[in-house]
Amino acid sequence: HSMASLTYDQLWKEAMVELLDQLEVNEPAAFDTSVAQDNEQRFQHFATLYIRYIQIVRKLEEAYDQIVHPQKRIDIKATLIAVMGRVLEIKDALVALNRGISFLNLDEVLVDLKLPPTVLEAPVPRFFVEDRDDIEAREKLLETWTLQFNLPDRSREDVDAAGEEMSLESALHAIQINERARQGRQRAKGMREIQVEEERERRIMQLGADHDERDPDTAARIVSARWRGYEARKQTEIMRREELIFIGMEPPLPLAPEADPVVVLAANRVRRKHVQHSHAQEYRRALVTLKAEVASHEAPEMREEMLEQLRDWYIKEHERTGAFPKLEQLTAEPVPEEVPLDDKAKKALEAKQKAAAAKGKKKGPVVEEVPVDRHFAEGMEGAFRLWSDKWQLRDEGANFAQRYDAELVKQLVRPEVEESVRKTVKQRIEMELANLEEAFERDRNKGKKGKKGGKKGGKGKKGGKGKKGGKPKGPKEPKDIASKTVDQLFRDLIQKQLLQRHPKVHVSEYVGSFLFLGRAVEKLAEAAEKLPPPEEGATAPERPRWPDPSVSQLRQAVTESCIWPLGEQQIKDHWSSVRSVLLVGQQGSGKRMLANAIATETGANFFDLSPANTNGQYPGKKGPYEMIYAVLKLAKAYQPSVVWIGDVEGVFQSGKAKKGAKAAGDPPNRILKPLRELVEHKSDKKRLLSDTDRVLIIGASDRPYAAEKAKDYAAMVSFFKKVLYLPMPDYPSRYMLWKEALRRQGIPRPPADDVQTLARISENYTSGSIMRVVRRAITQRRVERLERKPFSLNELVGPLAKEAPVGSSDDKKMYEWYLKTLNLNSGEGDAPKKEAKKPAKKK
């Protein structure tokens, strides 16, 4: 236990030393405007700073998660939040230098720093969920209401989402096929035995009785030869496997659970979490007990000292002015006296004002600069000072168990006790001043005739009605929603399936590879943009394609742009985070999984406003407004929250629904007007969500180009401030995906050659199709029979053939639409242009 604490203390120390290096060396170099730098040099500086800060965040998060000292954890958390905010600010500077593209290709910077690509993985802080006490109660309430209303449980992943229930005819057909196959195999086995017996009799007739297998000597010789061959093959296989493990082409053999370091580490983590919890409870109790101790031992001395100081003050004021001062004068700031200007100074000031006015007329209206928010930079500087003063040289030899430090607790509660004493002293001094003033007035007026009663008090002003209360701030709340409490609204939205349970997945489960040559491909695409257009009649050469974002970059973008602001209020308050994100990609590319991961990692509520889910809910003209208001009101009350809108292209398509199958339901775009009004209205009074509310709206679309009209496209892009494109998985990502899917289904060590073959033949399939194929083919019963029948590649080829591949035309449309949002040109030609309006027909 003590050695582990020393390990994590050392990790914390390394992070703080690296933080000092960034503050003193790299930050001034990156933000130095005195030295002329081009964009490439500035990008290199900021990229280095960004990578270093990511490394610091990872170390601080690991230290905070495992250190058991409660007071250390408080200081580490403050440092961690400040560095996370600074990472996002540096990322914004990098995106601005990267033509506004959120996905950064930093492979060349990593080569210069001699670092692996894994350092770019932004960690998800575990305290987003572990430091909250309300998640478990909310999950139990959701589960209870879901069962009571007999609603489908969406917290489990659908194993066969694309499949349909098997009919009776299909089941009988499958049974008949399997029975005929079984009978055929039985007949073939019988025929094989007959052929073997005939072959043996023929061999005996040809070679004589000495070669009869039924002879004991002959049988022993045959068995011995077969056994030696088996042993030789087995030994050769073992030697081959050891050689492959030695050269790193195969993973080592699995260890026993008690000897596996991963299992031991997980058990140690759980044990340290229990110690953390008990130490935190002790610390909370100590805050109360030690505060009472400080109040009983130190408060009397504080009180006497304050009374003596205040009495000296008002006695001196009385001697100086002849009157007793008010206590408010002690804390009031002195008003600086204005020094009169001489004639020369007045003329200089007037000339300066005239010159400023003339300059303003020449340049136009003066634009006030927006002050830079230095909250995170100051937080990092203060965190380092606190660590160096408080923890760097602190002797903890006597605190073996890493419990709270009593002296630090007393330092923390002493200002509260002092403030409490100050209030009581203030009341006592006010009473003394009132008594002294009354006695002084009585002595001064002694012997003088008192004047008759003063003027009769005039009639007091009649209690006027006062100003009429203005209209309450905020948008108009529907009566049905205003009459319900938040708990009632919570229950109603569960019943209408607008608030749902979701599968518990993590961002790390979105498996994929890093783009190792992203910067090189990006440079080729930039160079191709500068080439002159082809001559008329000539075929345009194929230009390099802009690199698709890798799965690693998508995980990074989701963590930084969605999870960090949603999980921590300080980041939301002091960083210009996005309120809405659009995920675009083919069906099965992982859009819903990423939304579930965002909700899981932050412990957020999950609301579903997809057209398919809202169809039939809240009918009528005012129904859409009531529905959106109810969802956003509850999402704001129970922060953090995720609002999911699937098939969002239908929401932004203007016009009435076409006649046909879809005309029977509600039009998808009926929620667009109230959604835009309550989320992005220019007036704060009509907007329900503020910039600091931890509510994230996630839209998803596999056909974003369906919003063809220019105004529909503009509305969609303006509503969703960030667009994340989920491309088709490349070969390395497919290899990792097949391997991970097989591991989850119970095949931990699939043959590498088979996995490579699967990755090659699944080129036009999405990650969802790959996961679905594995879940269908590798069932629990199949895993139980692996010892008797090893896994074969052919078991997955058939189910893969039943999946529908993605056509190249659909992929091209998606890619061109994404480039259009970035104002870039695709490799195959220019970006799609707006269609010219057709001239109206003359009547």
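Computed from a prediction, not measured in an experiment: that's the story for all the values here. (Residues numbered from 1 in each chain as written. Predicted model: local features only at pLDDT ≥ 70, side-chain atom pairs only at ≥ 80, totals over all residues. Heavy atoms only, no water.)

Caption draft 1: Region of interest: the pattern of salt bridges. Taken as a whole, this structure holds 48 salt bridges when the rule is applied. The partner of R86 in a salt bridge is E89, and the shortest N-O contact between them spans 2.6 Å. Remark: E89 and R86 occur in helix α3 (residues 70-97); sequence separation between them is 3 residues, near one turn of the helix. Like R86, the residue E89 is buried in the burial classification. For K523, the salt bridge goes to E108, with nearest N and O atoms at 3.3 Å. Taken together, the residues K523 in helix α16 (residues 518-529) and E108 in helix α4 (residues 107-113) connect sequence positions 415 residues apart. Residues joined in a network through salt bridges with shared partners are E61, E62, D65, R126, E130, R269 and K273. (Salt bridge = Lys/Arg side-chain N within 4 Å of Asp/Glu carboxyl O. Helix = DSSP H or I, 4+ residues; strand = E, 2+ residues; numbered from the N terminus. Buried < 20%, exposed > 50% of the residue type's maximum accessible area, 1.4 Å probe, protein only.)

Caption draft 2: Main features of the confidence of the model for the chain. The predicted model of the chain has a mean per-residue pLDDT of 82, with 84% of residues at 70 or higher. At the low end of the mean pLDDT range in the chain sits helix α11 (residues 343-363), at 59; at the high end sits strand β4 (residues 641-645), at 94. (pLDDT = per-residue confidence, 0-100.)

Caption draft 3: Representation of helix α23 (residues 710-719) within the structure. Taken as a whole, α23 has its buried residues at D712, Y713, A715, M716 and F719. An end-on view of α23 places all buried positions within 165° of arc, on one side of the element. Contacts from the buried residues of α23 go to β2 (580-585), α22 (672-680), β5 (695-701) and α29 (808-821). (Arc of directions from axis to C-beta. Contact = heavy atoms within 4.5 Å.)

Caption draft 4: Here's a closer look at unusual backbone geometry. In this structure, the amide linkage connecting Q639 to the following residue, P640, adopts the cis form with an omega of -5°. With a phi angle near 55°, N150 is a residue other than glycine that sits in the positive phi range. Along the polypeptide, N150 turns up in the loop between α6 (135-148) and α7 (168-207). For Y618, which is not a glycine, the phi torsion comes out positive at approximately 50°. Looking at the element boundaries, Y618 is found in the loop between α20 (611-614) and α21 (623-637).

Caption draft 5: Summary view of a nonpolar patch on the surface. Residues L168, L172 and I175 make up a contiguous nonpolar surface patch of about 320 Å² in total accessible area. Looking at the secondary structure, you find I175 in helix α7. A relative accessible area of 55% means that I175 is categorised as exposed. (Patch = residues over 30% accessible without salt bridge, like charges linked within 9 Å, V, L, I, M, F, W, Y side chains within 5 Å. Areas by Shrake-Rupley, 256 points an atom, 1.4 Å probe, with all protein chains shown as cover.)

Caption draft 6: Summary view of the environment of L583. Looking at the element boundaries, L583 is found in strand β2. A C-alpha to C-alpha distance of 7.1 Å links L583 and L726, two positions 143 residues apart in sequence.

Caption draft 7: Structural view of the sheet that holds β5. With respect to topology, 6 strands assemble into an open sheet ordered β1-β3-β4-β5-β2-β6, the strand pairing being mixed. In the strand order of this sheet, the two ends are held by β1 (499-500) and β6 (722-726), each with one partner. Pairing of β2 with β5, which is carried by 5 bridges, proceeds in the parallel orientation. Within β5, the position partnered with V584 by the bridge is S701. Sheet strands in contact with α29 are β2, β5 and β6, and its direction is about 155° off that of β6. (Pairing = 2+ DSSP bridges. Axes fitted to C-alpha atoms, helices over the stretch in contact; angles between N-to-C directions.)

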